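# Structural overview for review
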Amino acid sequence: MTASARPVVSVTPNPALDITYEVDDLRVGQSHRVSRVRERAGGKGINVARVVRALGEPAVVVAPFGGRTGDALLHSLRADGFEVAAVPVDAETRRTVTVVSGGEATALNEAGPALSAPDWDDVVGVTGRALEAPGALVVSGSTPPGTPPDLHARLIEHARRAGVPVVVDTSGPALLRAAVAGPDLVKPNVDELRAATGETDVVVAAHALLERGARQVVVSLGGDGLAGFAAGAQPWRVRAVPGLTGNPTGAGDAVVAALALGLVAGTPWPEVLVRATALGAAAVLADVAGDVDLAAYERFRPTLTAERYR
Ligand SMILES: Nc1ncnc2c1ncn2[C@@H]1O[C@H](COP(=O)(O)OP(=O)(O)OP(=O)(O)O)[C@@H](O)[C@H]1O
Ligand SMILES: [Mg+2]
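The structure contained in this document is the topic of the report that follows.

Reading the values: rules and limits
Residues numbered from 1 in each chain as written. Chains lettered and ligands numbered in written order. Predicted model: local features only at pLDDT ≥ 70, side-chain atom pairs only at ≥ 80, totals over all residues. Near = placed C-beta within 6 Å. Helix = DSSP H or I, 4+ residues; strand = E, 2+ residues; numbered from the N terminus. Nonpolar A, V, L, I, M, F, W, Y, C, P; charged D, E, K, R; others polar. Core = buried A, V, L, I, M, F, W, Y, C linked by C-beta atoms within 7 Å. Buried ≥ 20, exposed ≤ 12 C-beta atoms within 10 Å, placed from the backbone. Contact = placed C-beta atoms within 7 Å. Axes fitted to C-alpha atoms, helices over the stretch in contact; angles between N-to-C directions. Parallel < 35°, antiparallel > 145°, perpendicular 65-115°, else oblique. Left-handed = near helix turned anticlockwise from the far one by under 90°. Pairing = 2+ DSSP bridges.

In the neighbourhood of ligand 1, 21 residues make up the surrounding shell, with Asn 189, Ser 220, Ala 251, Gly 252 and Gly 280 lying closest. Elements that contribute at least two residues to the shell around ligand 1 include exactly α8 (251-265) and α9 (269-284). Of the residues belonging to the shell around ligand 1, the class tally is ten nonpolar, ten polar and one charged.

Let us now look at the nonpolar core. Inside soluble globular proteins, nonpolar side chains tend to come together where they are buried. Ranked by size, the top nonpolar core spans 92 residues in total, and within it Leu 259, Ala 260, Leu 279 and Ala 282 carry the most contacts. With eleven residues, the single largest contributor to this core is α8. Once you skip the residues sitting within four places of it in the chain, Ala 260 turns out to touch Val 8, Val 52, Ala 136, Val 138 and Val 167.

The contact between helix α5 (residues 172-180) and helix α6 (residues 190-197) brings their axes to 8 Å, and the two run at 80 degrees. If you check the angle between α5 and α6, you find them roughly perpendicular. Across from Gly 172, Leu 175 and Leu 176 in α5, the residues of α6 making contact are Glu 192, Ala 195 and Ala 196. Here the contact of α5 with α6 is composed, by residue class, of four nonpolar, one polar and one charged.

So, about the packing of helix α1 (residues 44-54) against α8. Two elements in contact, α1 and α8, have axes separated by 8 Å at closest approach and are oriented at 60 degrees. Viewed along their axes, α1 and α8 adopt a mutual orientation that is oblique. Remark: the crossing between α1 and α8 carries right-handed chirality. Residues Lys 44, Asn 47, Val 48, Val 51 and Val 52 of α1 form the contact with α8, whose participating residues are Asp 253, Ala 254, Val 256, Ala 257, Ala 260 and Leu 261. The residue inventory of the contact of α1 with α8, partitioned by class, reads eight nonpolar, one polar and two charged.

Along the chain, Ala 107 turns up in strand β7 (residues 104-109). Among the residues examined, Ala 107 registers 12 C-beta atoms within 10 Å and is labelled exposed. On a C-alpha basis, the gap between Ala 107 and Thr 20 in space is 9.0 Å, while along the polypeptide they are 87 residues apart. The residues touching Ala 107, leaving out its near neighbours within four places in the chain, are Thr 96 and Thr 98.

In this section: the environment of Ser 101. As for its position among the elements, Ser 101 is in strand β6 (residues 94-101). Separated by 80 residues in the primary sequence, Ser 101 and Tyr 21 place their C-alpha atoms 8.6 Å from one another. Non-local contacts of Ser 101, meaning those with residues more than four positions away in its chain, are made with Val 23, Asp 24, Asp 25 and Leu 26.

With that settled, the discussion passes to the sheet that holds β6. Across the sheet, four strands lie side by side as β3-β2-β6-β7; this open sheet has mixed pairing. Each edge of the open sheet is held by one strand with a lone partner, namely β3 (34-42) and β7. Direction aside, neighbouring strands of the sheet carry axes that sit 20 degrees apart on average. As paired strands, β6 and β7 are joined by six bridges and run antiparallel to one another. Opposite Val 99, over in β7, you have Thr 106 as the bridge partner. This element, helix α2 (residues 67-79), spans β2 (16-23), β3 and β6 of the sheet and lies at about 80 degrees to β3.

Printed below as a string of structure tokens:
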């Protein structure tokens with residue numbers, strides 16, 4: 001990536017303190033001694049910011065923080081060196097618990113607290129102020145219950161007024177509504193794309209989002225790589241790095257980081273897609289969501305090419 005010094009502002013509407021327990025031989029209905037506990041700041045926008053920073057570029061995390069878990073999350077982010085535009089809220093921030101046993105991970109994810117309407121106004125306002133040094137805006141991940149339906153639209157509108165490109169990674173009705181607000185790019189995975197649009201064909205489904213208003217649609221296809229669509233332009237695909245095994249959770253967040261940095265730097269589209277694919281693969285090789293294997297990223301990049309889709 002080229003040095004830009006223009007930050008990626010990454011909004012996480014539903015951050016989490018991720019807690020990982022390691023136990024021997026997990027069994028339902030039994031007590032277990034935990035051999036190791038780890039805590040880390042999580043949530044998709046935070047993962048994106050982590051990858052942006054790993055690539056040597058600046059990122060600002062915008063998120064609501066509430067209660068003791070919110071304090072712990074904020075502390076953890078700042079200890080990791082993140083620049084945070086914190087939105088203090090009353091509702092307790094959620095936790096996710098992952099139990100790792102025998103090489104398998106069992107996840108227990110809290111849905112996240114409902115925030116008040118003034119809290120959401122603060123999230124939008126703080127994001128607007130963070131966009132004063134323009135780079136790109138990323139809005140990633142789920143939204144907690146009760147989130148105003150126009151949250152993404154309001155964030156996109158702020159970015160448009162600031163002249164900043166926006167990448168949205170979300171699912172379900174929020175993805176459809178976000179597309180209508182005209183973001184520069186949406187990044188569903190193939191399951192999210194099909195579920196939101198009700199179309200099974202990837203090309204038809206991607207065009208459904210373009211027709212709603214998204215300027216570009218990048219569909220991540222897991223072990224099949226990714227495909228990029230833009231209205232009236234040639235669609236591209238990049239095949240995945242073959243033969244990889246690892247942890248695919250967070251690979252999509254790494255893709256979003258590469259797409260946002262590509263928009264900031266004005267990198268040609270096929271090259272952005274190649275970088276995104278290589279970075280997704282580099283995330284698969286890292287154990288924890290939000291981490292990437294940078295040496296693998298550099299190794300993979302020259303092996304990939306963007307080709308015309310169908
Ligand atoms: N098994 C794999 N082998 C090679 N590359 C992979 C593999 N899985 C994922 N990738 C790369 O990572 C990218 C993103 O993966 P995926 O489509 O699974 O994202 P996602 O479902 O949004 O993930 P998440 O939301 O957990 O971050 C893919 O487009 C691909 O380039
Ligand atoms: Mg994803």
